[in-house]
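Residue strings, one per chain:
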Amino acid sequence: MLDLRKLLRLQEEPHIYLDDLEVHRILTEHRREYFDHFEEGFRFWAAHPDKLMLTPKQIYYSPGMRGDFRVMPCQMHREGGSVNIVKLIGTNEEEELIKDKISVGKAFLFHPRDNFIIGVFDACVLSSVRTGACAALGFKHLGKGARRVGIIGCGRCGYYSAEFIHQQGTVEKFLCFDTNAVNLENFKELAKVRNIPCEFPRTLEEVKKGSDALVLSTYSPSPLVSGSDLEKYGLRFISSSGADADNLSEMEEDVPRHVGRIFVDVVHSLRCADLKRWKQKGLITDDTVVELREVIGGAFKPEETHNIFVTTGFAYLDLLTIDYLYSFVAQKKNGTLVKN
């Protein structure tokens with residue numbers, strides 16, 4: 001009998017696979033360590049910008065269909081070898097087969113030398129966690145002094161934003177609002193697990209009145225917050241993470257007139273949604289946009305109040321998260337995984 005594997009010179013490609021629940025378990029049970037790793041990644045980027053290969057995410061649409069799919073590669077060079085990842089993710093707005101799961105797809109970690117895939121990760125929770133962690137990182141460095149945080153949009157990203165902000169230990173309470181009753185009930189149950197102090201106002205106006213910082217994490221096609229809200233409600237900080245496609249919007253066009261700078265996760269965020277429209281209309285320029293790494297690295301000192309942070313997501317956030325997950329699993333298995 002032919003040994004096709006031998007004749008064709010085929011070898012196994014060892015890898016790990018983490019599904020959404022395992023990604024959630026690891027990153028929330030070890031949220032402080034993960035968040036520290038995440039923040040350190042921004043410091044590394046600030047100190048060594050030449051060590052990262054960052055390309056804008058490629059977004060593809062199908063005529064007559066809602067949603068899109070995205071290709072998001074990233075490479076980081078560090079002592080001991082490179083970290084190479086790519087995320088292939090879709091926005092599932094049609095929900096023909098997969099229901100109530102907007103982010104679908106997988107992320108992949110490559111071997112640093114042989115380039116086979118050593119890690120496969122469900123992309124839904126991974127994407128939501130890193131988005132929440134990034135919003136929380138923005139809050140830590142730009143929302144200082146805020147004690148009451150309004151969470152507008154209580155889906156996965158809204159919940160993880162609250163969890164990572166809560167673990168910083170500076171917030172007295174969260175005021176949470178969502179027009180989707182199921183999302184709101186799920187948020188309540190998840191918040192109980194971490195003892196996150198929450199109130200649930202019935203209107204968006206009540207959330208604004210009771211908050212000094214807002215985290216926007218929605219799929220809203222129209223703005224939810226205006227620039228005049230900053231002074232009217234005394235808002236110290238607003239994070240926007242939901243408007244990551246051109247058909248979405250979370251903030252009015254008057255917002256740039258009320259702030260000195262717009263802070264972003266990466267300048268690539270200017271390519272879509274609110275930031276894209278603001279730039280096209282001359283409301284912001286490249287000179288008025290500051291990447292969060294510049295604040296974390298000490299190159300730019302922000303104002304004490306009225307800071308706006310926009311994160312539309314980019315692959316370095318995925319790389320930092322995947323790097324942590326793979327290292328965590330390798331340690332648990334006593335280093336028997338393929339070393340990175």
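Presented here is an overview of the structure given in this document. (Residues numbered from 1 in each chain as written. Predicted model: local features only at pLDDT ≥ 70, side-chain atom pairs only at ≥ 80, totals over all residues. Heavy atoms only, no water.)

### Some details on the packing of aromatic side chains
For the structure on display, the rule yields 17 aromatic pairs. Ring geometry for F42 and Y316: centres 6.5 Å apart, planes at 55°, overall tilted. In this pair, F42 is assigned in helix α3 (residues 31–47) and Y316 in helix α11 (residues 315–332), connecting sequence segments 274 residues apart. Each of the two residues, F42 as well as Y316, counts as buried. Aromatic ring contacts, followed pair by pair, group Y34, F35, F38, F42, W45, F164, F314, Y316, Y324 and F328 into a single cluster. Sitting over the face of the ring of F200, K188 holds its NZ or CZ atom 4.8 Å from the ring centroid. (Phe/Tyr/Trp six-rings, centres within 6.5 Å; stacked < 30°, edge-to-face > 60°. Helix = DSSP H or I, 4+ residues; strand = E, 2+ residues; numbered from the N terminus. Buried < 20%, exposed > 50% of the residue type's maximum accessible area, 1.4 Å probe, protein only. Lys NZ or Arg CZ within 6 Å of the ring centre and 35° of its normal.)

### Quick notes on the packing of helix α2 (residues 20–29) against α11
α11 packs onto α2 with a crossing angle of 90° between their chain directions and a minimal axis gap of 11 Å. Relative to α11, the element α2 is oriented roughly perpendicular. Contacts between α2 and α11 involve V23, I26 and L27 from the former and T321, Y324, L325, F328 and V329 from the latter. Residues of the contact of α2 with α11, tallied by class, amount to seven nonpolar, one polar and no charged. (Axes fitted to C-alpha atoms, helices over the stretch in contact; angles between N-to-C directions. Parallel < 35°, antiparallel > 145°, perpendicular 65-115°, else oblique. Contact = heavy atoms within 4.5 Å. Nonpolar A, V, L, I, M, F, W, Y, C, P; charged D, E, K, R; others polar.)

### Remarks on the pairing of strand β8 (residues 148–152)
A regular strand places its side chains so that they alternate between the two faces of the sheet. In terms of residue burial, β8 counts as a mostly covered element, since four of its five residues are buried. As defined by bridge partners, β8 adjoins strand β9 (residues 173–177) across five bridges and the pair is classed as parallel. Counted as the bridge partner of I152 is F177 from β9. Between the parallel pair β8 and β9, the chain is carried across by helix α5 (residues 156–166), and the sense of this crossover is right-handed. (Pairing = 2+ DSSP bridges. Right-handed = clockwise from strand over helix to strand, strands pointing away.)

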